[in-house]
Amino acid sequence: MPESPSTTADPLPIALPPTPGDGINYDLFLDCVHCGLCTSACPTYIETGNENDSPRGRIYLMRAVTDRRLDMTQTIQRHLELCLDCRACETACPSGVQYGRLIEPFRLAMDVPEKGEPKQFDWFFKYILFGLFPYPQRLHKALVFAKIAQRLKLDQLLLLTGLWKLLPARLGRLVTLLPHIKTPDAPLEKVMPAIGKRRARVALFSGCVQSEVFQQTNYATVRVLQENGCDVVIPDEQGCCGAIHYHTGQEQGAIDFAADNLKAFDRDDIDAIIVNVAGCGSMLKEYGHLWDDARDGQTADRKQFSSKVKDVHEFLDELGFIPPKWNIPVKVTYHDACHLVHAQKISDPPRNLIRQIPGVELLELPESEVCCGAAGTYNLVELEMADRLGERKLDCIRKTGASIVLTGNSGCLMQIDRQRRLEQESVIVMHPMDLLYCAYMHKSPYDY
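Predicted model, so just to flag it, every value in this text is computed and none were measured.

### Some remarks on the overall build of the protein
Per the secondary structure count, the protein includes 24 helices and nine strands. With the principal axes as the frame, the protein shows a C-alpha extent of 105 × 50 × 40 Å. Taking all 448 residues of the protein together, 54% fall into the buried category. Sequence separation of 24 or more characterises 77% of the internal contacts of the protein that already satisfy a separation of 6 or more. Of the roughly 20800 Å² of accessible surface on the protein, a fraction of 53% belongs to carbon and sulfur atoms. Taken as two groups, the 49 positive and 58 negative side-chain charges of the protein have centres that lie 5 Å from each other.

This is the structure:
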């Protein structure tokens, strides 16, 4: 008698629990062949010697969690949080691993609370990082007290006596990171016309912290652009680039800031959007792929915006730099900001400009491409590792014998300047645009 056909149904697939890596293109994990060439470029691995704190180790951990071979534990999360996201591994990698496109979305996802509840932040994140830093008008009011303290030299007293250590750890770090705030030589107008023959029309991205703490550097940047034949437009409506929110898991806040910047800049009226802060420039250049979707219909606008963004050194080098004629006999060294050399792949242009200042001798900095420990807000939340890297960077600067160290990022400027003040070193910390401004305006950098 023939057997009756089976009526047993196929078992239903088991729903697997979600992981932080589910939304990442899995092929990006497979690009890593685990050769280990990235380890010698990784600041945290250099300091700890722990394979889990290397790019190769972190990729292995993220992939294992995504494959559900490892549970997402606090130990794994800690190894991933310790990453500076400096992207030095991308420069070192022969396989072209896009580490930033792994670690950034993975950390965003692992910070999402269960059941769609909003993530809870403490007072420092809520009121300082999110509530103060991204808003220049609020920051301007808050810095009134800091400027008074600096005039009375109370900031120096706090530093020399160590009284800042009595403050809550992150607040004490914030107080000691604040550099001397210079009043700009003149106010910035909405349009600053080219000096001499007009060669380009650009817009300056003035930033949030940059526009208040480094007002003079913004002014110096505009004057250097003017000296190179550029009309400079400065839109009033621009805002924070969104990096603070994005890198701390507040993606919607970053999207909102990006939307505001898309409205603020008339891209059809300018040749480029100029940025003098490496971290901001990296974020602005990534608008086009961070949210490359059709949810809000702004994908094309974001890509067009990003295509216009140029670091100021990059732009001037491509434009054909018109060097100053005044001689400044000084030895300088240059620190590569991570988000300039690794994320934006810009290494030669700053050096090309610096070498064209008459009298300046550029001395190469040992470990120039190793992070100084700033890394956006890293030095406000990962205090121990930031200190270790800051000390390492200053040691390298000492070895050059330079009297001025230059770097193109506000975070690096504050981190290195804090370290040299703590160790009472006399080296001057400046943005390359400040030194160029001195050369154009016949000013001594020692009196700047």
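### What about the environment of Lys325?
As for its position among the elements, Lys325 is in the loop between α18 (312-319) and β6 (330-334). A relative accessible area of 76% means that Lys325 is categorised as exposed.

### Quick notes on the packing of helix α12 (residues 215-227) against α18
Contact geometry of α12 with α18 gives a least axis separation of 11 Å together with a crossing angle of 10 degrees. When the interaxial angle is binned, α12 and α18 end up roughly parallel. Here Thr221, Val224 and Leu225 of α12 lie close against α18, whose contacting residues are Val312, Phe315 and Leu316. A per-class count over the contact of α12 with α18 returns five nonpolar, one polar and no charged.

### A few points about the packing of aromatic side chains
Counting across every chain of the model gives eleven aromatic pairs. With a centroid separation of 6.1 Å and an interplanar angle of 55 degrees, the aromatic rings of Tyr437 and Tyr448 are classed as tilted. Residue Tyr437 is located in helix α24 (residues 432-441), and its partner Tyr448 is located in the segment after α24; the two are separated by eleven residues in the primary sequence. In this structure Tyr437 comes out as buried when scored by relative accessible area, which is 2%. Take Tyr448: its relative accessible area is 22%, and that puts it in the partly exposed class. In this structure an aromatic cluster arises from ring pairing among Phe205, Phe265, Tyr287 and Phe305. Over the aromatic face of Tyr60 sits the side chain of Arg69, whose NZ or CZ is 5.7 Å from the ring centroid. Over the aromatic face of Trp164 sits the side chain of Arg418, whose NZ or CZ is 5.2 Å from the ring centroid.

What counts, and at which threshold
- Residues numbered from 1 in each chain as written.
- Predicted model: local features only at pLDDT ≥ 70, side-chain atom pairs only at ≥ 80, totals over all residues.
- Heavy atoms only, no water.
- Helix = DSSP H or I, 4+ residues; strand = E, 2+ residues; numbered from the N terminus.
- Buried < 20%, exposed > 50% of the residue type's maximum accessible area, 1.4 Å probe, protein only.
- Contact = heavy atoms within 4.5 Å.
- Areas by Shrake-Rupley, 256 points an atom, 1.4 Å probe, with all protein chains shown as cover.
- Lys, Arg positive; Asp, Glu negative; His and termini not counted.
- Charge placed at Lys NZ, Arg CZ, Asp CG, Glu CD.
- Axes fitted to C-alpha atoms, helices over the stretch in contact; angles between N-to-C directions.
- Parallel < 35°, antiparallel > 145°, perpendicular 65-115°, else oblique.
- Nonpolar A, V, L, I, M, F, W, Y, C, P; charged D, E, K, R; others polar.
- Phe/Tyr/Trp six-rings, centres within 6.5 Å; stacked < 30°, edge-to-face > 60°.
- Lys NZ or Arg CZ within 6 Å of the ring centre and 35° of its normal.

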